[in-house]
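So you can see what is in the structure, the chains are spelled out below.
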Amino acid sequence: MENYFGHLALAAGLGLPIAVVGAGIGQGLAVYGAVQGMARQPEAASTIQTAMIIGLALIESLVIYALLMFFILQGKLPGVTEALAKMASHS
């Protein structure tokens, strides 16, 4: 329990950026593959585009979920004055 708030702050501070970077890479790869598929088979462009948009929406929903978790974890952290008071009492 001693390092609980430290680990919580680390999770809140690093979790969202890692999720955003991962989603950005995933979206880039999805668009790259879709554009290549459309270039190779122009007649299938509408089907490929529809599948790509659905895939991008699912990837983006994971980032929105990570943002929601960030706000939930941020609410669990103590305020600055409370954290400083706890640190001073342990010293």
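Refer to the structure printed above.
Residues numbered from 1 in each chain as written. Predicted model: local features only at pLDDT ≥ 70, side-chain atom pairs only at ≥ 80, totals over all residues. Heavy atoms only, no water.

Scanning the chain from N- to C-terminus turns up three helices and zero strands. Going residue by residue from the N terminus, the α and β elements of the chain occur as α-α-α. Scaling as 2.2 N^0.38, a compact globule of 91 residues should have a C-alpha radius of gyration of about 12 Å, whereas the chain reaches 21 Å, well beyond that. For the C-alpha atoms alone, the extent of the chain along its principal axes is close to 70 × 20 × 15 Å. (Helix = DSSP H or I, 4+ residues; strand = E, 2+ residues; numbered from the N terminus. Rg over C-alpha atoms; globule rule 2.2 N^0.38 Å.)

Our next topic: the packing of aromatic side chains. Per the stated rule, a full pass over the model turns up two aromatic pairs. Considering the side-chain rings of Tyr 4 and Phe 5, the 5.3 Å spacing of their centres and the 65 degrees angle between planes classify their relative orientation as edge-to-face. Judged by its relative accessible area of 39%, Tyr 4 is partly exposed. (Phe/Tyr/Trp six-rings, centres within 6.5 Å; stacked < 30°, edge-to-face > 60°. Buried < 20%, exposed > 50% of the residue type's maximum accessible area, 1.4 Å probe, protein only.)

This brings us to the environment of Ile 72. Assignment of secondary structure puts Ile 72 in helix 2 (residues 45–76). Ile 72 sits in the partly exposed class, given a relative accessible area of 40%.

Turning next to helix 1 (residues 4–40). The terminal C-alpha atoms of helix 1 lie 53 Å apart, and with 37 residues this matches the ideal 54 Å at 1.5 Å per residue to within 8%. Bending of helix 1 peaks at approximately 25 degrees at the position of Leu 14, with proline Pro 17 no more than four residues after it. For helix 1, the set of buried residues is Leu 8, Ala 12, Leu 16, Ala 23 and Ala 34. Its buried side turned inward, helix 1 meets helix 2. (Expected span 1.5 Å × (residues − 1). Bend = angle between axes of the 7 residues up to and from the residue. Contact = heavy atoms within 4.5 Å.)

With their axes 9 Å apart at the nearest point, helix 1 and helix 2 run at an angle of 175 degrees to one another. It follows that helix 1 is roughly antiparallel to helix 2 by the angle criterion. (Axes fitted to C-alpha atoms, helices over the stretch in contact; angles between N-to-C directions. Parallel < 35°, antiparallel > 145°, perpendicular 65-115°, else oblique.)

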